[in-house]
Amino acid sequence: MAAVLDFSKFTFTAEEIRAVKELLWDEVIQAPEVSLIHTIFEGIEYDKEIGFIGKGGLVGVAQQTGDGDPVAQAYAVSTRKIKWTPKGWEILIHQKRVDIEATAAVYSMKTGTSYNDFTSSDYMNIILEALANSVKDFIIRLFWFNDTAEDNIANGGKLTAGIDKKYFTMIDGFWKQLLLQVTANTKQKVTVAENAAATYALQELTPANAKAYLQSLRYKAPLQVRNSKTGMIICTQSFYDAYEQSLQGTAIESMYTNLTEGVKTLKIGRIPLMPIPTWDAMIEEFYNNGTKLNNPHRALFISKDLLAVGVDSISAFGDMKVWYNDDQRKVKVEGMGKADAKLLNPALFQLAI
């Protein structure tokens, strides 16, 4: 078994490193907190239906006259439902001391009877810190990019060659659901022409076009979305950057709004524009055929209330069990849970893609 953390890339000696935590980390782009752009439903462990009451029918006609019994008006209230179908996920990592014996990590290890147990070592601290970042990426990949029918490009799918599809096929995430809906109702789609271009260079989004697409997205959206207090435009960093460039030479400071405490973001009208750089990173890595990317520029105008994630417990993503197995002489890290993603009302969004 290979070491989880490849110390062969470093040239430290025993005198140069005694605490592994002194290593510097590359800056990792983090996605916003899950609660910032989703509505979380906990306790979703099994298939479960949720019903919604919609709009009532027409009422009010001319008053009836005459001696006969008045005729009642037909009246109905629309209803709809969604069904949670959560799938189990797991993270399971094993590591033996012998796998890292010849690396610089050994200088942070215990000795004596605890020789093989490095659960509380500096090496393990680094593994867990890295794992925390990987789990954040996993959450975005699961809820947004998963597609039960996904496959690699060579097999007719969209995944980059060499990417293992098992990391992308647990559930049907939001992108799958959004694209199915705009295929059925093209009025909910703003076409980003650059996405269909044949090369990386031709796919570059110009500032003027980004601004035009976002304005179209805003004004073509359903009125319920435009009037929602939790309405937002979630977009790739490429969309945000191009829009920001389009505002150069204007009173750009007036275009910012507070997203959270201490964090500002641009807005279009009164609608906050929320970039998700993790989307860009994943599209470049996982949806790349070597010549072009699969829809590198994406923007979604929707209410946060309608992006629902169902989990058994949101804390499951952060509660990793770490223990030492005496019989196998392995340190193990394990996490598991159940999750699903649902558009609560597929008719209430506008997508630029």
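Relevant structure appears above.
Residues numbered from 1 in each chain as written. Predicted model: local features only at pLDDT ≥ 70, side-chain atom pairs only at ≥ 80, totals over all residues. Heavy atoms only, no water.

A. Just the packing of aromatic side chains, in detail. Throughout the structure, instances matching the rule amount to 14 aromatic pairs. Here the aromatic rings of phenylalanine 41 and tryptophan 84 are separated by 5.7 Å at their centres, their planes lie at 50 degrees, and the arrangement is tilted. Here tryptophan 84 lies in strand β3 (residues 77-84) and phenylalanine 41 lies in strand β1 (residues 39-42), a separation of 43 residues in the sequence. When its relative accessible area of 27% is taken as the criterion, phenylalanine 41 is described as partly exposed. Both rings, one in phenylalanine 138 and one in phenylalanine 317, keep their centres 6.0 Å apart while their planes meet at 50 degrees; by these two values the pair is tilted. (Phe/Tyr/Trp six-rings, centres within 6.5 Å; stacked < 30°, edge-to-face > 60°. Helix = DSSP H or I, 4+ residues; strand = E, 2+ residues; numbered from the N terminus. Buried < 20%, exposed > 50% of the residue type's maximum accessible area, 1.4 Å probe, protein only.)

B. Quick peek at the side chain of arginine 298. Within the secondary structure, arginine 298 sits in the loop between α7 (277-286) and β10 (299-303). Within the local environment of arginine 298, its side chain forms a polar contact with the backbone oxygen of asparagine 295, the two atoms lying 2.7 Å apart. (Polar contact = N/O pair within 3.5 Å; in protein donor to acceptor, adjacent residues only side chain to side chain.)

C. Fine view of the packing of helix α4 (residues 207-220) against helix α6 (residues 237-246). In the contact formed by α4 and α6, the axes pass within 7 Å of each other and the chain directions differ by 105 degrees. Overall, the two elements α4 and α6 adopt an arrangement that is roughly perpendicular. Contacts from Pro207, Ala210, Lys211, Tyr213 and Leu214 in α4 reach Phe239, Ala242, Tyr243, Gln245 and Ser246 in α6. A class-by-class count of the residues in the contact of α4 with α6 yields seven nonpolar, two polar and one charged. (Axes fitted to C-alpha atoms, helices over the stretch in contact; angles between N-to-C directions. Parallel < 35°, antiparallel > 145°, perpendicular 65-115°, else oblique. Contact = heavy atoms within 4.5 Å. Nonpolar A, V, L, I, M, F, W, Y, C, P; charged D, E, K, R; others polar.)

D. Molecular detail of α4. Helix length check: α4, at 14 residues, gives a terminal C-alpha distance of 20 Å against a target of 20 Å (1.5 Å per residue), a fit within 8%. Every buried residue of α4 is listed here: Ala210, Tyr213, Leu214, Ser216 and Leu217. The buried residues of α4 occupy one face: seen down the axis, they fall within an arc of 160 degrees. (Expected span 1.5 Å × (residues − 1). Arc of directions from axis to C-beta.)

E. Region of the structure containing the pattern of salt bridges. For the coordinates displayed, the defined rule picks out six salt bridges. Among the salt bridges present, the one from lysine 158 reaches glutamate 150, with a minimum N-O distance of 3.2 Å. When its relative accessible area of 32% is taken as the criterion, lysine 158 is described as partly exposed. Looking at glutamate 150, the relative accessible area reads 5%, which means it is buried. A salt bridge links lysine 176 to aspartate 172, with the nearest nitrogen and oxygen atoms 3.2 Å apart. Here the salt bridges do not stand alone but share partners, grouping Asp147, Asp172 and Lys176 into one network. (Salt bridge = Lys/Arg side-chain N within 4 Å of Asp/Glu carboxyl O.)

F. Representation of the pairing of strand β11 (residues 307-311). Of all five residues making up β11, five are buried, and the element is well covered by its neighbours. Residues Leu307, Val309 and Val311 of β11 are buried on one face, and the alternating residues Ala308 and Gly310, pointing to the opposite face, are buried as well. Across four bridges, β1 lies against β11 in parallel orientation. Paired with isoleucine 40 across the two strands is valine 309, which belongs to β11. Note: β11 against strand β13 (residues 330-343), five bridges, orientation antiparallel. By the bridge assignment, glycine 310 is partnered in β13 with aspartate 340. (Pairing = 2+ DSSP bridges.)

G. Geometry of the nonpolar core. Judged by nonpolar contacts, the single largest core of 81 residues is most densely connected at Phe143, Trp144 and Phe239. Top contributing element to this core by residue count: helix α2 (residues 122-145), with 11 residues. Look past the residues within four positions of tryptophan 144 in its chain and what remains in contact with it is Ile37, His38, Gly173, Phe174, Trp175, Lys176, Leu178, Ile234, Trp279, Leu300 and Leu307. (Core = buried A, V, L, I, M, F, W, Y, C linked by side-chain atoms within 4.5 Å.)

H. The arrangement of the environment of alanine 197 in detail. Mapped onto the elements, alanine 197 comes out in the loop between β5 (189-190) and α4. If near-sequence neighbours (up to four positions away) are discounted, alanine 197 is found in contact with Leu202, Gln203 and Lys292.

I. Seen up close, the side chain of asparagine 325. Tracing the sequence through the fold places asparagine 325 in strand β12 (residues 321-325). A polar contact of 2.7 Å, which involves the side chain of asparagine 325, links it to the backbone nitrogen of glutamine 328. In this view, asparagine 325 contacts Lys330 and Lys332; residues no more than four positions away in its chain are not counted.

J. How the structure looks around the environment of phenylalanine 138. Take phenylalanine 138: it is sitting in helix α2. Sequence separation between phenylalanine 138 and phenylalanine 317 is 179 residues, and the spatial gap between their C-alpha atoms is 9.2 Å. Not counting residues up to four positions away in its chain, the partners in contact with phenylalanine 138 are Trp89, Met170 and Phe317.

Any functional reading would require information that these geometric values do not contain.
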